[in-house]
Each structure stands twice: as C-alpha cells, then as structure tokens.
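Structure assessment
Next come the chains, spelled out residue by residue.
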Amino acid sequence: MKHEATIIDVPAESSSAMKGKAPLIGVARDHTATGSGGYKRGLAIFDFLLRLAAIVAALAAAATMGTSDETLPFFTQFLQFEASYDDLPTFQFFVIAMALVGGYLVLSLPISVVTILRPLATAPRLLLLVLDTGVLALNMGAASSAAAISYLAHSGNQNTNWLPICQQFGDFCQKSSGAVVSAFVSVVFFIILVVISGVALKRH
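These figures come from a predicted structure and were not determined experimentally.

**Digging into the pattern of salt bridges**
One pass over the full model with this rule turns up 3 salt bridges. Of the charged contacts, one joins D47 and R125 as a salt bridge, the two residues approaching to 3.2 Å between their closest N and O atoms. You can see D47 sitting in helix α1 (residues 15-66) and its partner R125 sitting in helix α3 (residues 123-155), a full 78 residues away along the chain. With a relative accessible area of 0%, D47 lands in the buried category. Using a relative accessible area of 4% as the deciding quantity, one classes R125 as buried. Linking D132 and R51 is a salt bridge whose minimum nitrogen-to-oxygen distance equals 2.6 Å. Of this pair, D132 sits in helix α3 while R51 is found in helix α1, placing the two residues 81 residues apart along the sequence. Linked by salt bridges that have partners in common, D47, R51, R125 and D132 make up one network.

Here it is as structure tokens:
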C-alpha cells in the first residue's frame, strides 16, 4: 500500500524583504526623536525670549531704585530733608541683588542659545534649572524685603511709632514702589523659566 505524501511549500521571506522591513523601525524612531526635538526647540526659543524680558525687568528695578532720591524744597539751618535708597540697607541690598540677577540673566543667554541649537542635550538645560532656581530665591528675597519697607513707607506702623513718609516724599515712594513691582515681574519670569526647564528635561 502506497502512501501519497503531500508536500506544502511555504514561501520563505527573502533576505531582501527582511532587510526592507528593518529601516521602518529606524524611521519611526527618527520621526519620534525629530518631533521631540522640535517641541523642545520651541521651549528653548520661548526660554530665550523670557530671559530677554527678565533682563529688562531686573535691570529696570535696579536702575529705578538706584535713582530714587528726593529732597524737599524746604530746609532749616541745620537740617535738610532728603530721602534716598542708600538711607535704607534693605534698599541697598535690593539694588545690588537685582543688578546681580540682571547680570546672571545676561550671562545665561549663551547657554540658552545652546539649548536652541541642541534641544535634546540634557546638561545645559539641567545647569539652567539649577542656576535659575538659586537666582529666583535671591530675586524673591530682594523683592519681598523691599516690599515690606515700601509698605511701611506708605502706611507706617503705629505700634512702633513709625510714621509714613510718602505724603512728604511722594516721588521717592513712587519710584521705589515701581522698582518693587518690576522685581516681582522678574520673579514671575523666573518661575516660568524653571517650569520650562523642568518640562524640557522630561523624557518623552
């Protein structure tokens, strides 16, 4: 009794076909990396523009406070009524701190440019995150302390017999208050910069 054998031919994929499928994975990965790089480059450009705005705010705060002085038109033989930022150590600290903040922002611009050219690089973005956080603390401290003195200048304190001086030195108080507002605008910019760095460091 003869048994008939049935042979089923299963066509094997040729090596050329297998080679043709391999690049598809690489293309998909390249497309993902390109999309992530474009997203992070957009964040880096926004970071650069925010730094320019923060430079203006910080230096404006330092310059405004540094030029805030007023002399009353009347005086006596022994007294001359004058108010200036260097009469208060807190305002002196404010001018120095905001000048340092503005200087740091200028020096950080080249690093920000590196993040634009190399959006996937982690080291420059991490460096900006650490430095921005430290300078943010300095900016916040200067703005908060100056805000407290400005409040006392406007309202005084009856418990300690500190009289308000802004009724007499209106221009001085106006300039110092404007400097404080500008400093807090710089704080807002720094908070956004820190958030941008955190988002850019997130792996996609």
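Additional details are given in the paragraphs that follow.
**Points about the packing of helix α2 (residues 89-117) against helix α4 (residues 170-201)**
For the pair α2 and α4, the least separation of the axes is 12 Å and the interaxial angle reads 40°. When you trace α2 past α4, the crossing you get is left-handed. In this structure, α2 contributes F91, F94, M98, V101, Y104 and L105 to the contact, and α4 contributes F172, S176, A179, V180, A183, S186 and F190.

**Structural notes on the layout of surface pockets**
Within this model, the largest pocket holds a volume of roughly 250 Å³. Considering the residues around the largest pocket, the lining is formed by A83, S84, D87, L88, F91, I149, L152, A153, W162, L163, I165 and F172. Among the secondary structure elements, those contributing two or more residues to the lining of the largest pocket are β2 (80-84) and α3. For the lining of the largest pocket, the leading source of residues is α3, giving 3 residues. Its residues placed into classes, the lining of the largest pocket shows 10 nonpolar, 1 polar and 1 charged. The space that makes up the second largest pocket amounts to roughly 190 Å³.

**Details of a nonpolar patch on the surface**
A cluster of nonpolar side chains, Y39, I191, V195 and V199, forms an exposed patch at the surface whose accessible area comes to about 320 Å². Here the element with the most residues in the nonpolar patch is α4; it accounts for 3 residues. By secondary structure assignment, the location of I191 is in helix α4. Classification of I191 as partly exposed rests on a relative accessible area of 40%.

**Observations regarding the packing of aromatic side chains**
Counted by the stated rule, this structure contains 1 aromatic pair. Judged by centre distance (6.4 Å) and plane angle (20°), the rings of Y104 and F190 are stacked. Within this pair, whereas Y104 is found in helix α2, its partner F190 is found in helix α4, the two being separated by 86 residues in sequence. Summarising the burial analysis for this pair, Y104 and F190 share the class buried.

**Looking at α3**
Counted at 1.5 Å a residue, the expected span for α3 with its 33 residues is 48 Å, and the 48 Å between its end C-alpha atoms agrees. Within the span of α3, buried status applies to P124, R125, L128, D132, V135, L136, N139, A142, A143, A146, S150 and A153. Of the residues one or two after α3, G156 is the one with positive phi, at around 70°.

**A few points about the nonpolar core**
M65, F94, M98, L105 and F190 are the most contacted members of the largest nonpolar core, which has 39 residues in total. Looking at this core, the elements with two or more residues in it are α1, α2, α3 and α4. Ranked by residue count, the leading element in this core is α4, at 11 residues. If near-sequence neighbours (up to four positions away) are discounted, M98 is found in contact with A58, A61, A62, N139, A142, A183 and S186.

**Here we look at the UniProt feature "transmembrane region" (unreviewed entry) in the protein chain**
As recorded in UniProt, the sites labelled "transmembrane region" (unreviewed entry) are residues 48-66, 91-114, 126-153 and 179-201. Along residues 91-114, the helical share is 100% and the strand share 0%, with 35 Å between the first and last C-alpha atoms. Overall, residues 179-201 shows 100% helix and 0% strand. The separation of its end C-alpha atoms is 33 Å.

Reading guide: rules and limits
- Just so you know, the residues in each chain are numbered from 1, in the order the chain's sequence is written.
- With the structure being a predicted model, the display of local features is reserved for residues of pLDDT at least 70 and the display and counting of side-chain atom pairs for 80 or more, all residues being used for whole-chain, interface and lining totals.
- Excluded from the side-chain calculation are hydrogens and water; included are all heavy atoms of the structure.
- Each salt bridge in this description consists of a side-chain nitrogen of Lys or Arg and a carboxyl oxygen of Asp or Glu lying within 4 Å of one another.
- Helix and strand assignments come from DSSP, with helices taken as H or I runs of at least 4 residues and strands as E runs of at least 2, each series counted from the N terminus.
- The cut-offs for exposure are 20% and 50% of the maximum accessible area for each residue type, with area from a 1.4 Å probe on protein chains only; residues under the lower value are buried, those over the upper are exposed, and the others partly exposed.
- Each axis is a line fitted through C-alpha atoms, taken for helices only over the stretch in contact, and angles between the N-to-C directions span 0 to 180 degrees.
- By definition, turning the near helix anticlockwise from the far helix through less than a right angle yields a left-handed crossing, and turning it clockwise yields a right-handed one.
- Note on definitions: a residue-residue contact is assigned when non-hydrogen atoms from the two residues lie within 4.5 Å.
- The definitions used throughout rest on a 1 Å grid laid over the protein atoms alone, on which a cavity is an enclosed set of points accommodating a 1.4 Å probe that cannot get out and a pocket is an open set flanked by protein within 12 Å on both sides along at least five of seven lines; lining residues are those having an atom within 4 Å of a point.
- Grid points are joined across faces, edges and corners, and a volume is the space filled by probe spheres set on the points.
- Following the grouping adopted for this structure description, the nonpolar residues are Ala, Val, Leu, Ile, Met, Phe, Trp, Tyr, Cys and Pro, the charged ones are Asp, Glu, Lys and Arg, and the polar ones are all others, Gly among them.
- For patch detection, residues must exceed 30% relative accessible area and be free of salt bridges, and they are connected within 9 Å for like charges or within 5 Å for nonpolar side chains (Val, Leu, Ile, Met, Phe, Trp, Tyr).
- Note on areas: these come from Shrake-Rupley sampling with a 1.4 Å probe, and a residue is covered only by the protein chains present in the view.
- Any Phe, Tyr or Trp ring, taking Trp's six-membered ring, that has another such ring centre within 6.5 Å forms a pair; planes under 30 degrees apart are called stacked, those over 60 apart edge-to-face, and the others tilted.
- Residue count minus one, scaled by 1.5 Å, sets the expected span of a helix.
- What we call a nonpolar core is a set of buried Ala, Val, Leu, Ile, Met, Phe, Trp, Tyr and Cys residues that are connected through their side-chain atoms within 4.5 Å.
- UniProt positions are given in the numbering used here, feature names are shortened, and annotations may be inferred rather than shown by experiment.

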